[in-house]
Amino acid sequence: MSTAVFAGLDKFKDFGLLVLRLGLGVAFVLHGYPKMLGGPERWEQLGQVMDLVGIRFYPVVWGFLAAFAELGGGILMILGLLFRPAALLLFATMCMATAFHISKGDPFSGWAHPFEMAAVFFGLLLLGPGRLSVDGK
C-alpha cells in the first residue's frame, strides 16, 4: 500500500500516544501495586537485583524504588505528568528486570516482556506524552 493511504492518520498521533499511555499506565499500576503492598520483605527481594551491577547496599530502598517506579510511573503515564522522568525510571526498571531474567538463565520467553517494555519506554521517552496530557498543556 502506498504511504499516502496512511498519511491522514498523522492527525491521530496524540490520540495514539494517549492510548499507549493509558494501556501501559494501567498495566504498570497493576504490576507495581502488589509490590508496594509487599512491604520491606518484598522490596528487599526486588532490590537484590541491583547486585547484578555491583550495588549491594540498601536492597530494601532499591526494591522500594523499583516498586514505586512501576506504581507511580504508571500513574504518571496515565496522566502524562512528569512523563519523561517516569518513562526514564520505567526504562531503567525494565532494563534491570531484563538483566535479572537473563542472569537466571531464563529463555527468551522469560525476559522478552521486560526487554520489550524497556524498548517501549525508551521510545516514549524520546516521543514525549503528546498534547493530550498534563505535560502537553
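Located above this text is the structure these notes cover.
The text that follows walks through the structure, step by step, so that each part is easy to find.

Thresholds, definitions, all that
- Residues numbered from 1 in each chain as written.
- Predicted model: local features only at pLDDT ≥ 70, side-chain atom pairs only at ≥ 80, totals over all residues.
- Heavy atoms only, no water.
- Axes fitted to C-alpha atoms, helices over the stretch in contact; angles between N-to-C directions.
- Helix = DSSP H or I, 4+ residues; strand = E, 2+ residues; numbered from the N terminus.
- Parallel < 35°, antiparallel > 145°, perpendicular 65-115°, else oblique.
- Left-handed = near helix turned anticlockwise from the far one by under 90°.
- Contact = heavy atoms within 4.5 Å.
- Nonpolar A, V, L, I, M, F, W, Y, C, P; charged D, E, K, R; others polar.
- Buried < 20%, exposed > 50% of the residue type's maximum accessible area, 1.4 Å probe, protein only.
- Arc of directions from axis to C-beta.
- Polar contact = N/O pair within 3.5 Å; in protein donor to acceptor, adjacent residues only side chain to side chain.
- Phe/Tyr/Trp six-rings, centres within 6.5 Å; stacked < 30°, edge-to-face > 60°.

1. A word on the packing of helix H5 (residues 83-103) against helix H6 (residues 108-127)
Consideration 1: The interhelical angle for the contact between H5 and H6, taken along N-to-C directions, is 160°, at an axis separation of 8 Å. In terms of their interaxial angle, H5 and H6 are classed as roughly antiparallel. In this structure, H5 meets H6 at a crossing whose hand is left-handed. Across from Phe-83, Arg-84, Ala-87, Leu-88, Leu-90, Phe-91, Met-94, Cys-95, Ala-97, Thr-98, His-101 and Ile-102 in H5, the residues of H6 making contact are Gly-110, Trp-111, Pro-114, Phe-115, Met-117, Ala-118, Phe-121, Phe-122, Leu-124, Leu-125, Leu-126 and Leu-127.
Consideration 2: Within the contact of H5 with H6, the residues separate by chemical class into 20 nonpolar, three polar and one charged.

2. Looking at helix H3 (residues 39-47)
Consideration 1: Among all positions in H3, only Gly-39, Trp-43, Leu-46 and Gly-47 are buried. For H3, the angular spread of the buried residues around the axis is 95°, confining them to a single face.
Consideration 2: Tucked into the core, H3 has its buried residues touching helix H2 (13-37) and helix H4 (59-79).

3. A closer look at the side chain of Ser-133
Consideration 1: On the secondary structure map, Ser-133 appears in the segment after H6.
Consideration 2: A distance of 2.8 Å separates a polar atom in the side chain of Ser-133 from the backbone oxygen of Gly-130.
Consideration 3: Not counting residues up to four positions away in its chain, the partners in contact with Ser-133 are Arg-21, Leu-79 and Gly-80.

4. Side note on the packing of aromatic side chains
Consideration 1: Throughout the structure, instances matching the rule amount to eight aromatic pairs.
Consideration 2: Judged by centre distance (5.2 Å) and plane angle (75°), the rings of Phe-28 and Phe-121 are edge-to-face. Of the two residues, Phe-28 sits in helix H2 while Phe-121 sits in helix H6, which places them 93 residues apart along the sequence.
Consideration 3: Summarising the aromatic geometry, the rings of Phe-57 and Tyr-58 are spaced 5.8 Å apart at their centres and angled 90° between planes, so their arrangement reads as edge-to-face.

Don't take any of this as a statement about function, it's just geometry.
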